[in-house]
Amino acid sequence: MLVPGPIGIFDSGYGGLTILSEIQKLMPEYSYCYLGDNSRAPYGSRSFDIVYEFTRQAVEALFGMGCNLVILACNTASAKALRTIQQNDLPQINPSKRVLGVIRPTAEVVGNITKSRHIGVLGTIGTVQSESYPIEVNKLFPDIVVTSEACPMWVPLVENKEYDSLGADYFVRKNIDNILLKDPQIDTLILGCTHYPLLLDKINAFLPEGVTALPQGKYVGESLKDYLYRHPEMNEGCLKEGQTKYYTTESVQKFTEAATIFLNKEVEVERINLD
Ligand code: DGL
């Protein structure tokens, strides 16, 4: 029997807040612990070993706060650390706890959305190099052609609140043009990074007709709800007091300011160390 605890939501920085808010919309009665490793973000261009090490530390911290279920609300961490944590670490740390990612739930829905059967994935260098999206999508839908484009400037634009600037115009347009040049038949573009929904207006402004951008938060939320329905023992291990606590590895003030933009409300946050 698990002692009920909040659901842990982890991201390298603020991006996971876009996932948290979609999950909260669907499951407001649950309690959550959000952890942003802001002092070590971005993860996108870091090596496999480092992303794995940082993510494992974060998962252990969230388990230490009483979470029985942790969502890696970060594509880079899901791509580079999830499998190893699930297979090697969980059996040793606590076999009854669970860690889930954001790539599989996104891959599961895309096959029902694309008509042309040509999709694009926009993500960090780490996510694109891992090839996690083509692998997951093609496991489920072998007929879909997947083309990827790394957008290394998009996370820094968001983290530095430049998502509405002329600089954002330049980089968003450049990466969208690149991917559509690689495959002009793409009709669905997965936003494979949890920071990108903050750039959604800009992305939409540069998309030609017939191409749709797909933010993943809603699908991650629906998949989590379904998971808890199918795993009643884990559902019982999730506290339902409707409260959310926020933790950052950077300054409290910085996190509060940024979180207000991501969530449209002020939150209280506590600083912790992971290493
Ligand atoms: N938000 C993270 C993701 O979904 C990446 C941000 C970063 O590079 O740290 O991939």
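Above this text sits the structure in question.
Summary of the structure given here. (Residues numbered from 1 in each chain as written. Predicted model: local features only at pLDDT ≥ 70, side-chain atom pairs only at ≥ 80, totals over all residues. Heavy atoms only, no water.)

With respect to the side chain of N175
Phase 1: For N175, the position within the fold is in helix α9 (residues 166-182).
Phase 2: Under the relative-accessibility criterion, N175 is labelled buried at 5%.
Phase 3: Engagement of the side chain of N175 in a polar contact is seen with the backbone oxygen of A150, the distance being 3.4 Å.
Phase 4: At a separation of 2.9 Å, a polar atom in the side chain of N175 contacts the side chain of W154.
Phase 5: Leave out the neighbours within four places in its chain, and N175 touches E149, A150, C151 and W154. (Helix = DSSP H or I, 4+ residues; strand = E, 2+ residues; numbered from the N terminus. Buried < 20%, exposed > 50% of the residue type's maximum accessible area, 1.4 Å probe, protein only. Polar contact = N/O pair within 3.5 Å; in protein donor to acceptor, adjacent residues only side chain to side chain. Contact = heavy atoms within 4.5 Å.)

Some remarks on the site of the ligand
Phase 1: By nearness alone, 13 residues border the ligand, and S12, Y43, G44, T76 and T194 come closest of all.
Phase 2: Here an oxygen atom of the ligand sits 2.8 Å away from a polar atom, N or O, in the main chain of G44.
Phase 3: Contact distances for the ligand include 2.8 Å between a nitrogen atom and a side-chain N or O atom of H195. (Near = heavy atom within 4 Å.)

Quick look at the environment of G66
Phase 1: Examined against the element boundaries, G66 turns out to sit in the loop between α2 (48-64) and β3 (69-72).
Phase 2: Between the C-alpha atom of G66 and that of R117, which follows or precedes it by 51 residues, the distance is 42 Å.
Phase 3: With sequence-adjacent residues up to four places away left out, G66 is seen in contact with V3, G5, P6 and K97.

A look at the packing of helix α1 (residues 16-26) against helix α11 (residues 217-230)
Phase 1: At a minimum axis separation of 8 Å, α1 and α11 run at an interaxial angle of 50°. For the element pair α1 / α11, the angle class is oblique. By crossing handedness, the relation of α1 to α11 is classed as right-handed. Contact residues: α1 offers I19, E22, I23 and L26, while α11 offers G217, K218, V220, G221, E222, L224 and K225.
Phase 2: When the residues that make up the contact of α1 with α11 are grouped by side-chain class, the tally is 5 nonpolar, 2 polar and 4 charged. (Axes fitted to C-alpha atoms, helices over the stretch in contact; angles between N-to-C directions. Parallel < 35°, antiparallel > 145°, perpendicular 65-115°, else oblique. Left-handed = near helix turned anticlockwise from the far one by under 90°. Nonpolar A, V, L, I, M, F, W, Y, C, P; charged D, E, K, R; others polar.)

Brief notes about the nonpolar core
Phase 1: Formed by 53 residues in total, the largest nonpolar core has its most connected members in I7, L17 and L228.
Phase 2: For L228, the contacting residues outside a window of four places in its chain are I7, M27, Y30, L69, M234, N235 and C238.
Phase 3: Formed by 24 residues, the second largest nonpolar core is a distinct cluster that contains C33, V51, A58 and A77. (Core = buried A, V, L, I, M, F, W, Y, C linked by side-chain atoms within 4.5 Å.)

Considerations on the state of the cysteines
Phase 1: Following the criterion strictly, the structure yields 0 disulfides and no others.
Phase 2: Cysteine C67 remains unbridged, with the sulfur of C33 as its closest cysteine sulfur at 4.4 Å.
Phase 3: Take C67: its relative accessible area is 0%, and that puts it in the buried class.
Phase 4: Here C238 stays unpaired: no disulfide links it, and the sulfur of C67, its closest cysteine neighbor, is 9.0 Å away. (Disulfide = S-S within 2.5 Å.)

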